[in-house]
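A closer look at the structure
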Amino acid sequence: MAEVKTQARTIAENRRARFDYFLEEFTEAGIQLLGTEIKALRDGRANIAESYAAVEGREIVLINADIPPFKQANRFNHEPRRPRKLLLHRKQIDKLIGAVQRDGQTIIPVRLYLNDAGRAKIEIALAKGKKLHDKREASAERDWARDKARLLRDKG
């Protein structure tokens, strides 16, 4: 009989991360969840668009990830934006801490998903910031092109 393979189910993606950062090295990490957080994730409700990972002591912590409360368990609900510890091997943690301290890189969450076994995982990446586009220069150039066209039109 043929073996049926299931796909990981993506819950939340950080699309803006690819726009704001050069993503270099990807790592899969588990997330330490409490009570009803996994039920909220299975419902497909989460947002990691404004989240980031920080080094606290000898641990990596996911900060500002929004997992809304589970409606059917309001008495035992969790804080939506509480810091959540990322579950990694010590070697991986040391590598990430070294990259942050030595190279000034940032740890960015890219994708939150449930793997084939139904466990919540997060894909994180080491990233360097992109040079931001200067809007003042673009708007000054656009204004000058408009004024130049107006002057040439009125003159001729």
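A short tour of the structure in this document, coming up. For every chain, the first residue of its written sequence is number 1, and the numbers climb from 1 along that sequence. Confidence filtering applies because this is a predicted model: local features only for residues at pLDDT of at least 70, side-chain atom pairs given and counted only at 80 or more, and all residues used for totals across whole chains, interfaces and linings. Excluding hydrogens and water, the side-chain figures rest on all heavy atoms present in the structure.

What follows covers the side chain of arginine 84. Only runs of H or I of at least four residues qualify as helices and only runs of E of at least two qualify as strands under DSSP, and these elements are numbered from the N terminus. Relative to the helices and strands, arginine 84 resides in strand 5 (residues 84–87). There is a polar contact of 3.0 Å between the side chain of arginine 84 and the side chain of glutamate 37. Each polar contact in these results corresponds to two N or O atoms within 3.5 Å; when the atoms are within protein, one needs to be able to donate a hydrogen and the other to accept it, and residues that are neighboring in sequence are counted only if both atoms are side-chain atoms. Within polar-contact distance, the side chain of arginine 84 engages the backbone oxygen of proline 80 at 3.1 Å. The criterion used for residue contact is that any of the two residues' heavy atoms lie within 4.5 Å. Those residues in contact with arginine 84, other than ones at most four positions away along the chain, are Ile31, Gln32, Leu33, Glu37, Ile60, Val61, Leu62, Ala65, Ile67, His78 and Glu79.

This brings us to the nonpolar core. What tends to happen in soluble globular proteins is that the nonpolar side chains get buried as a cluster. Within the largest apolar cluster, 25 residues are counted, with the highest numbers of intra-cluster contacts made by Ile60, Leu86 and Ile122. Of all elements in the fold, only strand 1 (9–13), strand 2 (21–31), helix 2 (37–42), strand 4 (59–63), helix 3 (90–103), strand 6 (106–114) and strand 7 (120–129) reach the threshold of two or more residues within this core. If we skip the residues at most four places from it in the chain, isoleucine 60 touches Ala53, Ala54, Val55, Arg84, Lys85, Leu86, Leu88, Ile93, Leu96, Ile97 and Ile107. Take the buried residues of types Ala, Val, Leu, Ile, Met, Phe, Trp, Tyr and Cys, join any two whose side-chain atoms come within 4.5 Å, and each joined set is a nonpolar core. Accessible area is worked out with a 1.4 Å probe on protein chains only. A residue is then buried under 20% of its type maximum, exposed over 50%, and partly exposed in between. Counting residues in hydrophobic clusters, the runner-up holds six residues, among them Ala17, Val110, Ala125 and Ala127.

Moving on to helix 3. Working rule for helices: expected span equals 1.5 Å times residues minus one. With 14 residues, helix 3 ought to run about 20 Å at 1.5 Å a step, and its terminal C-alpha atoms sit 19 Å apart, in line with that. For helix 3, every residue scored as buried is listed here: Ile93, Leu96, Ile97, Gly98 and Ala99. Glycine 104 occupies a position one or two residues after helix 3 and carries a positive phi of about 70°.

Aromatic rings from Phe, Tyr and Trp, with only the six-membered ring used for Trp, were paired whenever their centres fell within 6.5 Å, and each pair was classed as stacked if the ring planes differed by under 30 degrees, edge-to-face if by over 60, and tilted otherwise. Tallied over the entire structure, the rule returns zero aromatic pairs. The ring of tyrosine 113 has arginine 111 lying over it, and the distance from NZ or CZ to the ring centre is 4.1 Å. Geometrically, a lysine NZ or arginine CZ counts as sitting over a ring once it is within 6 Å of the ring centre and also within 35 degrees of the ring normal.

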